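# Fold and contact review
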Amino acid sequence: MITKYLHLRARRGFIIFAGGCVALSFALFGPALYADEPAAGEEAKSGDRSAIQATSGANSGASATGGGSAAAKQPEHAAVLKDLQKIPGLITLYHKDTKLIAELNAANMNTDFIILASISRGIGRNFILAGMYTNFGDDWLLQFRKVEDRVLVVRRNVRFRAKEGSPESRAVELAYTDSVLFSLPILAKGPGGGDLVDFSNVFMTDLPQLSQSLPGFSFSRAKSTWEQVKGFKDNVELEVAATYASSGSQYIESVPDTRGVTINVHYSISKLPQTGYKPREADPRVGYFLTAVKDFSKSGDEDRFVRYINRWDLRKADPEAELSPPKKPIVFWLEKTIPYKYRKPIREGIEEWNKAFEKAGFVNAIEVRQQPDNADWDPEDINYNTFRWITAGAGFAIGPTRVNPTTGEILDADILFDADFVEGWRNTFDTFTPESIAAHTGGPLDLKSYQEHLLAQPHQHGDQCRHCMLSHGHANELALGRAVMMGRKNSTEEFDKVVMQGLKEVAMHEVGHTLGLRHNFKASTMLPLEDLHNVEKTRETGLSASVMDYLPVNLAPKGQPQGDYFTQTIGPYDFWAIEYGYKPVASDEELKKIAARSGEPELQYATDEDTRGIDPDPLSSRFDMGKNPIEFAKLRAQIVSEQMPDLLENSVDDGENWSRARNSFNTLLATHGTALFMAARTVGGIEMNRSHKGDKDAPPPFNVVGVDEQRAAMQLLEEQVFSEQPFSFPPELYNHLAPSRWSHWGADMPTRTDYPVHGVIEMWQDRILQQLLSSLTLTRMHDSELRVPVDQDAFTTAELLERLTNSIFEEVNEVKAGKYTTRKPAISSMRRNLQRSYLKKLSDLALGNTSSPQDCQTIAYMELKQLQERIDKLLGGKVKLDPYSQAHLEESSARIGKVLDAKLTIHRP
């Protein structure tokens, strides 16, 4: 073994002889001994070296340069700790340069430590952003366990439990195991009698597994250093300048050279607080983030999961008082990096939640303090909750928390605002792709595509339901607000009002997350459209039942009074949710009584897993507003149509780049398409409700959207999506939609410099067709025919396909004799594209290439057969068509014929 290490060090110029034998000294080798230390999993090499180090102090009677009795009397830790600085605290540390030795005493062993890892300096990409938690929603409990001459670093399995001492607890112990992450050799006994171990083997590794967010990169210990090491009575704060190495073949625009990407990772280590905190059980009617544990002590006929809401340990200073300040308030520090002009709306947004806490019995539950310019504490420190302003260039805001994984107690929160958040609207929607449009409108629309989407996602730690994407859509809304402001000749001060109100609303939203609240995407349906600009009402109730929705900019049609652009107060649902989570209660029955109010209209709740592309409730949408999605879509379409005629004049001033016109046009087109997509979700829609049996005024769990609403949605789509009229823009407009002409890092040039007119409009039309003809939509509509009593009217798949065919191929029935040319065709180019797209989908349906019901396949076959007959009648008639229309219809008829023949062949006995 010694020969092996002599060989390794000889290659680096290290060979040491002492009195005819070899002695290897940790202190003499210094950092070189650990320059290429392996990560967890390569324990044999690490252990061999450390074993030699541990024996060197005890066995060497003389120093490496000669003998001496003084050296023989030194304790064995002297060589290990030589020149290291002692850092007292929760765990005694010894540190210098690349070395970090910990002395673990009996109080540190077999004790739960919570390890909170966050990024203090990121790269502005791949969600490796300053302030982000690396184990978002999956906080770790670690234990140090001594086994013979080693200390095991163990991640505790806290998901399963049973009553201590019961047979079930022994079964759980045998069935589920903890994870041993590291095995650390004991180097020596420390000055305080504890065991000395090398903490670099734990934290100078890819412990947070950031390499999974950086494919092709691996942690390089040789290139990584300690940024800071701090010890305190109740916590230890470590920060590693962690360098991830690659071949350099990849490009990250925010990194100068990808052969070495340095990310500062901050670790807060503390014991779990023992404060007598009482967990509060969750209820699916009220939206909180959860801590879930499976308890095998519960009887087999029960749901064995115990679910706690995530919340702060907030207790009254005077338990007997109806209103009392808390013993320990929730304190948010505004980081000193926040621009002065934004501090007021941010502070107001945070403090707005005190209204809900006051109703729950607490006065000044939340305090906001300004971080002094000379403050030297770290925002990542678990003892500080911060509102951070960062410059990641990602235009986002997020409000993560760190939680005791056994009880749900929130221990720390840090709200992050990216500086680009208030300017991100400038670069919104420069280009469209089918993928970007799909992502903007909810993702996959059928079960097969949804499963494929999940499998294609890179592995990410934590609970995905905790991820908040409000700010990305918010940038789109600010872009729309800016376009409308320019179109109406509003002052710069008016748009500043939009930004400031939006900043306060997003601050309220992210603070809600730090209090434990999840999204509520039904909250925006609280008010009818006509009440949204009544400031006297909305300043009292809010524009929405909750700030935990994703709310659009609230724009009035031209010539009508304008109210608040964004909600400026928390809503009724927010008061109710805080009451459930924080009001002191004497019993579980009192808690259930609070939740039983869920039947009240303004307390409806639907969250992320209710608002995917595959979900049926049209009232659970992102960036909608008002009780009726059809009326909202009409309003948005009206606002867009008002802006289009004078877009060039209003969006670009003399001397400015024409790219502003392209940006405004795309923003308006996206606004139109998104709103109409929301209306399309009404077709085949099912309203869902989370209320329990016995809740007052609660509707049933499922309620098929009314037939009149579905038909109204179809009529709107026929007018605003399948007609060419909304897209009849003057040629002058298309000739000015130029992109930005900058070409450098951070500036994306579109693939096509000229504007892809047909392609962009077709992408939006195709997306809405995908929603209507999704196999899941058709299956749900087919099932809904049984949900509606037979003596009542219902919107069926047969009616849907018939209306689509008649609307999209309207010209086949309506073309009259006339003079048609390639410049003035009988069927326009936009309509021909739409017809081809629909024909392909109808053919796939008829051929059974989808998982739609067989009844839908046969209806599609019939629609194709009848359509072919009408096309052939037109082609054989007296109307002389232009070459484009003639060729298009002949090809369409031929394609239909092949599909019909294939259908007969497939089903031939």
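All of the points below concern the structure found in this document. (Residues numbered from 1 in each chain as written. Predicted model: local features only at pLDDT ≥ 70, side-chain atom pairs only at ≥ 80, totals over all residues. Heavy atoms only, no water.)

### So, the nonpolar core
Our working definition: Only buried Ala, Val, Leu, Ile, Met, Phe, Trp, Tyr and Cys residues count toward a nonpolar core, and they belong to the same one when joined by side-chain atoms within 4.5 Å. Exposure classes here rest on a 1.4 Å probe applied to the protein chains alone. A residue is buried below 20% of its type maximum, exposed above 50%, and partly exposed in between. Only DSSP runs of H or I covering at least 4 residues are called helices, and only runs of E covering at least 2 are called strands; the numbering of each starts at the N terminus. Here, residues are in contact when the closest pair of their heavy atoms is within 4.5 Å.
By size, the foremost hydrophobic cluster in this structure holds 63 residues, and its most contacted members are Trp353, Phe357, Leu515 and Ile578. Per-element accounting of this core gives the leading share, six residues, to helix 15 (residues 572–582). Excluding anything up to four places from it in sequence, Leu515 contacts Tyr288, Asn310, Arg311, Trp312, Ile330, Trp353, Phe357, Ile366, Ile410, Ile578 and Tyr582. Membership of the second largest hydrophobic core comes to 53 residues, among which are Leu800, Ile808, Val879 and Leu881.

### Some remarks on the packing of aromatic side chains
Put simply, the test is: Ring pairs are drawn from Phe, Tyr and Trp, using the six-membered ring of Trp, whenever the two centres fall within 6.5 Å, and their geometry is named by plane angle: stacked under 30 degrees, edge-to-face over 60, tilted for the rest. Should the NZ of a Lys or the CZ of an Arg lie within 6 Å of a ring centre and within 35 degrees of the ring normal, that charge is described as sitting over the ring.
Within this structure, the stated rule accounts for 24 aromatic pairs. With centroids separated by 6.1 Å and ring planes inclined at 25°, the aromatic side chains of Trp389 and Phe417 adopt a geometry described as stacked. Taken together, the residues Trp389 in strand 20 (residues 385–390) and Phe417 in strand 23 (residues 410–418) connect sequence positions 28 residues apart. Taking relative accessible area as the criterion, Trp389 reaches 9% and is therefore assigned buried. Here the aromatic rings of Tyr550 and Phe623 are separated by 5.4 Å at their centres, their planes lie at 45°, and the arrangement is tilted. You can see Tyr550 sitting in the loop between helix 14 (535–541) and helix 15 and its partner Phe623 sitting in the loop between helix 16 (588–595) and helix 17 (629–643), a full 73 residues away along the chain. Grouping residues by exposure puts Tyr550 and Phe623 together as buried. An aromatic cluster is built from Phe113, Phe144, Phe199, Phe203 and Tyr267, whose rings are joined through pairwise contacts. If you follow Arg482 out to its NZ or CZ, it ends over the ring of Phe495, 5.1 Å from the centre. Directly above the ring of Phe521 sits Arg622, whose terminal nitrogen or CZ lies 4.6 Å from the centroid.

### Quick look at the side chain of Ser893
Among the structural elements, Ser893 can be located in helix 28 (residues 883–906). Ignoring any residue separated from it by four or fewer positions in sequence, one finds Ser893 in contact with Gln868, Ile871 and Asp872.

### A few points about the packing of helix 17 against helix 20 (residues 707–720)
Defined as follows: Angles run from 0 to 180 degrees between N-to-C directions of axes, and those axes are lines fitted to C-alpha atoms, restricted for helices to the stretch in contact. Here the word oblique covers every angle except those under 35 degrees (roughly parallel), over 145 (roughly antiparallel) and from 65 to 115 (roughly perpendicular). Note on convention: near helix rotated counterclockwise from far helix by under a right angle means a left-handed crossing. Clockwise means right-handed.
Interhelical geometry of helix 17 versus helix 20 gives an angle of 20° and a closest axis separation of 10 Å. Between helix 17 and helix 20, the angle is such that the two are roughly parallel. Note that helix 17 runs across helix 20; the crossing there is left-handed. Touching Ile630, Ala633, Lys634 and Ala637 of helix 17 are Glu709, Ala712, Ala713, Leu716 and Gln720, all from helix 20.

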